[in-house]
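Observations on the three-dimensional arrangement
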Amino acid sequence: MSETLPDPSVRPLFIGSEIYRGSSYGSRHPLAIPRVSSVIDLCRALGWLEGQSYIDSPRATPEELARFHDPDYVAAVLQVEASQEADAFQKQRYNLGVNGNPVYPEIFRRPATAAGASILAGRLLSKGGIVHSPASGTHHALRDRASGFCYFNDPVLAILSLLDQGIERVFYLDVDAHHGDGVQIAFEQEPRVFTLSIHEDGRWPMRSEIGTGGLLDRGGGQARNLPVPPGFNDSELEFLMESAVLPLIDTFEPQAIVLQCGCDALADDPLSRLDLSNFALWRVVRQVMGLAPRLFVTGGGGYNPWSVARCWSGVWATLNRFEVPGILPPQAERLLRELTWRHSKGRNPPEAWFTTLADRPRPGPVRPEVRGLAPSVLTA
């Protein structure tokens, strides 16, 4: 690692790349939309990426990816990128080109760049601080196959990078609408890592209450899961944070926190039935800041281009304690007006998607089924 890189203990660091600007999973895939490039552009328009806060992401090498992934699988992804097709064996064995994991021009380079950001984050955080990589957060990938739009599991690689620096206790918190199964599976026999996922009950990749992501799923003992009902609102997330998540973090006493901040749990996302505002996710970021000397915040799911750009830009503002403007300046508004989305929700977007960063809070009653979750995860 170059000694000229800035220190995240002095100011938060943002890791990004231009590879995401021209890369797409295909016109009909949920990840056809621009995401990371819009966040970078919006943060720059707001004056939030000035000076040395921005780092261009390196690309993870096959050897670095093999710190977690099967070398044969890594080689297969490289080969599929070169040929731009997956044969029958690669489809069946590695889940490439099927089940939402398409073959596209940057099928190796794009996820390897996100993985490179996460590995670098672990190294940068050796002495403490805050790092944000909105391209990271691909939490479904397994050791030897793609899964759930994820080819390489960069949160796993980030945590391994932290452990390689001598960090002995890492708390992984996942607020994506989908269960962080790949990360839990990777560390279910690792006492130095505690994983906690808040996700929509019954949504893929969940199987049942006692299966993957269920309330009773403890992995190897160092995992907890909070499957929440449809309509999950801001008040309910705040309740679970205060009554379950923060006590678990306090008990574990982590030296580092990795927060997977997928924004597909927002009310305007098409791939969940949850009802959060981006304000609720920013509050989660504020709540975990300062609970460990090291914080790495990733992106994750998010399939509405306006929701993603506005939410993750606000995450960066929160990490820096920047003031979020009530009305966006003209350059930022223009960027949001230039976004397009083929989904039905994108045909007539509300004006607030162009002119504001913060959603209106979405409070509501804390339902009994949500209140009942907290005691269950606090037991051994």
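Here's a quick rundown of the structure. (Residues numbered from 1 in each chain as written. Predicted model: local features only at pLDDT ≥ 70, side-chain atom pairs only at ≥ 80, totals over all residues. Heavy atoms only, no water.)

1. Quick notes on the pairing of strand S4 (residues 170–174)
The cut-off we apply is this: Per-residue accessibility, obtained with a 1.4 Å probe over protein chains only, is compared with the maximum for each type, and a residue is labelled buried under 20%, exposed over 50%, and partly exposed between these values. Segments assigned H or I by DSSP are reported as helices when at least four residues long, segments assigned E as strands when at least two residues long, and all are numbered from the N terminus. At least two DSSP bridges between two strands are required for those strands to pair. Seen with its strands pointing away from the viewer, a crossover is right-handed if its path from the first strand over the helix to the second goes clockwise.
For S4, the tally of buried residues reaches five of five residues, placing the bulk of the element in the interior. The side-chain alternation of S4 yields two buried faces, one formed by Val170, Tyr172 and Asp174 and the other by Phe171 and Leu173. As paired elements, S4 and strand S5 (residues 193–200) share five bridges and run parallel to each other. Bridging from a neighbouring strand, Asp174 pairs with Ser197 of S5. Assessed by its sense of winding, the connection that carries the chain from S4 through helix H7 (residues 181–186) to S5 is right-handed.

2. Quick notes on the sheet that holds strand S6 (residues 223–228)
Which entries qualify depends on this criterion: Here, axes are lines fitted to C-alpha atoms. For helices the fit covers the stretch in contact, and angles between N-to-C directions go from 0 to 180 degrees. Should any heavy atoms of two residues lie within 4.5 Å, those residues are considered in contact.
The eight strands lie next to each other as S2-S1-S3-S8-S7-S4-S5-S6, forming an open sheet whose pairing is parallel. The open sheet has two edge strands with one neighbour each: strand S2 (54–56) and S6. Between one strand and the next, the sheet's axes are offset by a mean angle of 15 degrees, whatever the strand orientation. Pairing between strand S1 (residues 13–16) and S2: three bridges, direction parallel. Pairing of Ile15 across the sheet is with Ile55, part of S2. Sheet strands in contact with helix H8 (residues 234–252) are S4, S5, S6 and strand S7 (256–260), and its direction is about 170 degrees off that of S5. Along the sheet, helix H9 (residues 278–288) contacts S4, S7 and strand S8 (294–298); its crossing angle with S7, the most-contacted strand, is approximately 175 degrees.

3. Some details on unusual backbone geometry
A cis geometry characterises the amide bond from Trp204 onward to Pro205, with omega recorded as 10 degrees. Here Pro205 shows up in the loop between S5 and S6. Positive phi values are uncommon outside glycine, yet Asn99 reaches one of about 55 degrees. Among the structural elements, Asn99 can be located in the loop between helix H4 (88–94) and helix H5 (109–124). Although it is not a glycine, Glu253 sits at a positive phi angle of roughly 50 degrees. Tracing the sequence through the fold places Glu253 in the loop between H8 and S7. Using a relative accessible area of 53% as the deciding quantity, one classes Glu253 as exposed.

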